[in-house]
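An overview of the molecular structure
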Amino acid sequence: DAGITQSPRHKVTETGTPVTLRCHQTENHRYMYWYRQDPGHGLRLIHYSYGVKDTDKGEVSDGYSVSRSKTEDFLLTLESATSSQTSVYFCAISERGEQFFGPGTRLTVL
Amino acid sequence: GENVEQHPSTLSVQEGDSAVIKCTYSDSASNYFPWYKQELGKRPQLIIDIRSNVGEKKDQRIAVTLNKTAKHFSLHITETQPEDSAVYFCAASITGGTSYGKLTFGQGTILTVHP
């Protein structure tokens, strides 16, 4: 597996609380992505980054924000978590098209 | 934006048979088509990919074909084994330029290989 880690791996939180998920890579890849995976929907892009401090919205960005202050770290923040954000979140990295995924974070919002 | 449709949603085969999963895409500018395998509770793993300047690519028991005119691509697994049982996802993207390689995924196919 490519050098990608995600933290935390599991989290249970309550509606209305802020949550931050971290993706860390050791591959020095330029591009980083956040996806969510839900039954029946496959993987959907939330936000992506094409360089330090360069980010943009994906298909399902409402309720999420991101930051990338260093090449190796890409943070996903849920400002005020809702039950509809219960999902498995995957980070991915890429340099020349091929995307490699992190181990995922299972988030439950009660 | 890009839309990727994947069929079938479930596929059941006997060990040793072949399995075929098909995907169609909508954006004719898409030029990169990867396939991922995801086992239960694991991350998606890239198993094979094809770029738009190639019609077919093979890697041992796995092959992918691309028809740019019809905008569809397929995954072929021959001599299936129980360990091939997993969820398979196709995806499409535009590499280069300002598209930044964003992937659009199909909905997935649950492949079950019976011993």
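Each remark here, short or long, concerns the structure printed above.
Residues numbered from 1 in each chain as written. Chains lettered and ligands numbered in written order. Predicted model: local features only at pLDDT ≥ 70, side-chain atom pairs only at ≥ 80, totals over all residues. Heavy atoms only, no water.

All names here are of chain B. Taken together, the five strands give an open sheet; going across it, the order is 1-3-8-7-6, and neighbouring strands pair in antiparallel fashion. The sheet is open, and its two edges are formed by strand 1 (4-7) and strand 6 (56-59), each paired on a single side. For this sheet, the mean angle separating the axes of adjacent strands, direction not counted, is 15°. Note: strand 3 (residues 19-25) against strand 8 (residues 72-77), six bridges, orientation antiparallel. Of the residues in strand 8, the one forming a bridge with Cys23 is Phe73. (Pairing = 2+ DSSP bridges. Helix = DSSP H or I, 4+ residues; strand = E, 2+ residues; numbered from the N terminus. Axes fitted to C-alpha atoms, helices over the stretch in contact; angles between N-to-C directions.)

Attention shifts here to the environment of Glu83 of chain B. All names here are of chain B. Mapped onto the elements, Glu83 comes out in the loop between strand 8 and strand 9 (86-92). Note: C-alpha distance between Glu83 and Val113 (30 residues apart in sequence) is 7.8 Å. The contact partners of Glu83, leaving out residues within four places of it in the chain, are Lys37 and Glu39. (Contact = heavy atoms within 4.5 Å.)

For the structure on display, the rule yields two disulfides over all chains. The residue that forms a disulfide with Cys23 of chain A is Cys91 of chain A, at a sulfur-sulfur distance of 1.9 Å. Its S-S torsion of approximately -65° makes the covalent link between Cys23 of chain A and Cys91 of chain A left-handed. Taken together, the residues Cys23 of chain A in strand 3 (residues 19-25) and Cys91 of chain A in strand 9 (residues 87-94) connect sequence positions 68 residues apart. Here Cys23 of chain B is linked by a disulfide to Cys90 of chain B, with a sulfur-sulfur distance of 1.9 Å. Taking the sign of the torsion about the S-S bond as the criterion, the disulfide between Cys23 of chain B and Cys90 of chain B, at about -100°, is left-handed. Taken together, the positions of Cys23 of chain B in strand 3 and Cys90 of chain B in strand 9 put the pair 67 residues apart, joining distant regions of the chain. (Disulfide = S-S within 2.5 Å.)

It is worth spelling out the packing of aromatic side chains at this point. Inspection of every chain in the model, using the stated rule, returns 19 aromatic pairs over all chains. With 5.5 Å between their ring centres and 45° between their planes, Tyr35 of chain A and Phe101 of chain A make a pair best called tilted. Within this pair, whereas Tyr35 of chain A is found in strand 4 (residues 31-38), its partner Phe101 of chain A is found in strand 10 (residues 99-101), the two being separated by 66 residues in sequence. Side by side, Tyr35 of chain A and Phe101 of chain A carry an identical accessibility label, which is buried. Where Phe89 of chain B meets Phe105 of chain B, the ring centres are 6.4 Å apart and the plane angle is 90°; that geometry is what we call edge-to-face. On the criterion of sequence distance, the pair formed by Phe89 of chain B in strand 9 and Phe105 of chain B in strand 10 (residues 104-105) is long-range, its members being 16 residues apart. (Phe/Tyr/Trp six-rings, centres within 6.5 Å; stacked < 30°, edge-to-face > 60°. Buried < 20%, exposed > 50% of the residue type's maximum accessible area, 1.4 Å probe, protein only.)

The next thing to look at is the nonpolar core. Ranked by size, the top nonpolar core spans 23 residues in total, and within it Trp35, Phe73, Leu75 and Leu111 of chain B carry the most contacts. At the level of secondary structure, the elements contributing two or more residues to this core comprise strand 2 (10-14), strand 3, strand 4 (32-38), strand 5 (45-51), strand 7 (62-67), strand 8, strand 9 and strand 11 (109-114) of chain B. Counting residues in each nonpolar core, the second largest holds 19 residues, with Trp34, Val66, Phe74 and Leu76 of chain A among its members. (Core = buried A, V, L, I, M, F, W, Y, C linked by side-chain atoms within 4.5 Å.)

What the rule picks out here adds up to eight salt bridges over all chains. The salt bridge involving Asp73 of chain A is made with Lys70 of chain A; its shortest N-O contact spans 3.3 Å. A salt bridge links Arg51 of chain B to Glu98 of chain A, with the nearest nitrogen and oxygen atoms 3.5 Å apart. Residue Arg51 of chain B is found in strand 5, and its partner Glu98 of chain A is found in the loop between strand 9 and strand 10; the two belong to separate chains. Accessibility expressed as a relative area gives 26% for Glu98 of chain A, which makes it partly exposed. Through salt bridges with shared partners, a single ionic network connects Arg22, Lys70 and Asp73 of chain A. (Salt bridge = Lys/Arg side-chain N within 4 Å of Asp/Glu carboxyl O.)

On to the environment of Thr10 of chain B. Residues and elements named next belong to chain B. Mapping Thr10 onto the fold places it in strand 2. Assessed through its relative accessible area of 52%, Thr10 is described here as exposed. In the structure, Thr10 is positioned 101 residues away from Leu111 in sequence and 6.0 Å away in space, judged by C-alpha atoms.

Note that every value here comes from positions in space, so none of it alone points to a role or purpose.
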